[in-house]
Amino acid sequence: MELGGTKVIAAIGTGPGRGILARERFPTGDDPSRTLASVVEWLRAQSAAMGIMRAIGVASFGPLDLDPSSSTHGFITTTPKRGWARTDLLAPFRRAFPGLPIALDTDVNGAALGEGRWGAGQGLDDFVYITVGTGIGGGAIVRGKPVHGLVHPEMGHIPMPRAAGDDFAGACAIHGRCWEGLCAGPAIAARAGRPAEELAADDPAWDAVTESMGHALATLTLVLSPRRIIIGGSVRKAGQLGEDAFFERCRSHLKRTLASYVDSPALRDEGLRSFVVPPVLGDDAGLCGAMAMAQNS
Ligand code: ZN
């Protein structure tokens, strides 16, 4: 199950493509008990029909309490999403499917695990998956495992330098000019006065956005030393600019920001093309990641 801010996608299966045997979409809404009850009911019907269900994986928006020793483990904690703060995500599934292993992680850690098993992170022990859409989030895989640490990473809210002459105040309700406040879909729309998908290829907003992307990608490269950075989410499709041009600009701004300080073939021209890449699983990365989590549990 992938729990997003606007929709919840549930599926039964073993992996991407034809591995997805059944899937259903539910509006996230503002009444979690109702939404989760609908998902449980669907899963029950599907598993009864198919006679198989070995484990459940839940990749969810957050923030989440992922500390197994905490009394609120498995809860969404402080989300601004109406109705969902302090929601116990796992209880309805535990009640409906007693004894079945249940794995929970952030949507982006899930997507990272999905790309790691079947997509752009295959064969790599250290890489980062970020999503740039309505918000920005990132999951880091280090030595084959997602980083959790104190809570879990919140890469979308790293502070950003101000480019010369840029007086845009940023769109994050908490920080203004954090990465999400500069590069998420609503931030681009606030800067340009129109949604990203309607912007012309030569709109100056793309320069500002891809320059900020380059700064953030440099930060991730410097801190985590990943072997690859996968960028998912809707913004990468970049309207009339197009996905290829968006990635090219992000790569060249990353290179400029690093200024050759990190020495690796992966950060030179040809290598950069496979260092910063789109997801192979496309919009199914999170859903497949939840399946990978279930299989790992
Ligand atoms: Zn922020």
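Because the structure is predicted, anything quoted here is derived from the model rather than measured.

The rules behind the values
- Residues numbered from 1 in each chain as written.
- Predicted model: local features only at pLDDT ≥ 70, side-chain atom pairs only at ≥ 80, totals over all residues.
- Heavy atoms only, no water.
- Helix = DSSP H or I, 4+ residues; strand = E, 2+ residues; numbered from the N terminus.
- Rg over C-alpha atoms; globule rule 2.2 N^0.38 Å.
- Buried < 20%, exposed > 50% of the residue type's maximum accessible area, 1.4 Å probe, protein only.
- Contact = heavy atoms within 4.5 Å.
- Areas by Shrake-Rupley, 256 points an atom, 1.4 Å probe, with all protein chains shown as cover.
- Lys, Arg positive; Asp, Glu negative; His and termini not counted.
- Charge placed at Lys NZ, Arg CZ, Asp CG, Glu CD.
- Pairing = 2+ DSSP bridges.
- Axes fitted to C-alpha atoms, helices over the stretch in contact; angles between N-to-C directions.
- Donors = N, O, S within 2.8 Å, 3.2 Å for Na, K, Ca; no water.
- Tetrahedral: all angles 85-135°; square planar, octahedral: opposite > 155°, others 65-115°.
- Parallel < 35°, antiparallel > 145°, perpendicular 65-115°, else oblique.
- Left-handed = near helix turned anticlockwise from the far one by under 90°.
- 1 Å grid on protein atoms, 1.4 Å probe; cavity = no way out; pocket = protein on both sides within 12 Å on 5 of 7 lines; lining within 4 Å.
- Points joined across faces, edges and corners; volume = space filled by probe spheres on them.
- Nonpolar A, V, L, I, M, F, W, Y, C, P; charged D, E, K, R; others polar.

K.L.:
Just checking my understanding: could you explain the overall build of the chain for this structure?
P.N.:
Of the regular secondary structure elements, the chain holds 9 helices and 12 strands. Computed over C-alpha atoms, the radius of gyration of the chain comes to 19 Å, within 12% of the 19 Å expected from 2.2 N^0.38 for 297 residues, which places it in the range of a compact globule. Referenced to the eigenvectors of the C-alpha coordinate spread, the extents of the chain come out at roughly 60 × 40 × 35 Å. Across the 297 residues in the chain, those meeting the buried criterion constitute 50%. In the chain, once contacts between residues fewer than 6 apart in sequence are set aside, the share between residues at least 24 apart is 63%. Put simply, the chain shows about 13,900 Å² of open surface, and 51% of that area lies on carbon and sulfur atoms. Separation of charge centres in the chain, based on 29 positive and 31 negative side chains, amounts to 4 Å.

K.L.:
Any chance you could explain the sheet that holds strand 1 (residues 2-3) here in plain terms?
P.N.:
As a general point, the strands of a sheet are linked pairwise by backbone hydrogen bonds and lie either parallel or antiparallel. Reading across from one edge, 3-2-1-4-7 is the order of the 5 strands in this open sheet, with mixed pairing throughout. Strand pairing shows two members of the sheet lacking a second neighbour, strand 3 (20-27) and strand 7 (102-106), which therefore form its edges. Pairing between strand 4 (residues 56-60) and strand 7: 5 bridges, direction parallel. If you follow V58 over to strand 7, its bridge partner there is L104. Where helix 9 (residues 285-296) meets the sheet, it contacts strand 1, strand 2 (7-13), strand 3, strand 4 and strand 7, and its direction lies at approximately 140° from that of strand 4.

K.L.:
Just to check I follow, could you spell out the environment of G156 for this structure?
P.N.:
Along the polypeptide, G156 turns up in the loop between strand 10 (145-146) and helix 4 (179-183). In sequence terms G156 and M293 are 137 residues apart; their C-alpha atoms lie 23 Å from each other. Ignoring anything within four residues of it in the chain, the contact list for G156 reads I136, G137, C178, W179 and E180.

K.L.:
Is there a simple way to think about the coordination of the zinc ion in this case?
P.N.:
Put simply, a metal with four donors set out as a tetrahedron has ideal angles of 109.5 degrees, and one with six donors set out as an octahedron has ideal angles of 90 or 180 degrees. The protein atoms that coordinate the zinc ion are H157 (ND1), C172 (SG), H175 (ND1) and C178 (SG), at distances spanning 2.1 to 2.4 Å. Each of the 4 donor atoms around the zinc ion contributes to a set of angles spanning 101 to 122°, which defines the coordination as tetrahedral. Each donor residue of the zinc ion belongs to the same chain, and together they define the spacing H-x14-C-x2-H-x2-C. For C172, a relative accessible area of 11% puts it in the buried group. Relative accessible area serves as the criterion here: at 45%, H175 is assigned to the partly exposed category.

K.L.:
How should I be thinking about the packing of helix 6 (residues 204-224) against helix 7 (residues 243-258) in this particular structure?
P.N.:
If you want to describe how two helices pack, look at the angle between their axes and the distance between the axes. In contact at an axis separation of 7 Å, helix 6 and helix 7 are set at 55° when each is read in the N-to-C sense. Between helix 6 and helix 7, the interaxial angle falls into the category oblique. Where helix 6 crosses over helix 7, the two elements pack in a sense that is right-handed. Each of W206, D207, V209, T210, E211, M213, G214, H215, L217, A218, T221 and L222 in helix 6 lies in contact with helix 7, whose residues at this interface are F246, R249, C250, H253, L254, T257 and L258.

K.L.:
Explanation requested: the sheet that holds strand 9 (residues 136-142) in the structure shown.
P.N.:
Strand order across the open sheet formed by 5 strands is 10-9-8-11-12, with mixed pairing between neighbours. Sheet topology places strand 10 and strand 12 (276-277) at the edges, where each strand pairs with a single neighbour. Relative to strand 9, strand 8 (residues 127-132) runs antiparallel, the two sharing 6 bridges. Looking at strand 9, one finds that V128 is bridged to A140. Sheet contacts for helix 6: strand 8, strand 9, strand 11 (229-232) and strand 12; angle to strand 8, the most-contacted strand, approximately 155°.

K.L.:
Mind showing me how you'd approach the layout of surface pockets here?
P.N.:
Over the atoms, a rolling probe the size of a water molecule traces out where space has been left empty. Empty space within the second largest pocket amounts to approximately 430 Å³. What lines the second largest pocket is a set of 18 residues, among which I12, G13, M53, R54 and A55 lie closest to the centre. If you list the elements that add at least two residues to the lining of the second largest pocket, you get strand 2, strand 4 and helix 9. Split into classes, the residues belonging to the lining of the second largest pocket amount to 13 nonpolar, 4 polar and 1 charged.

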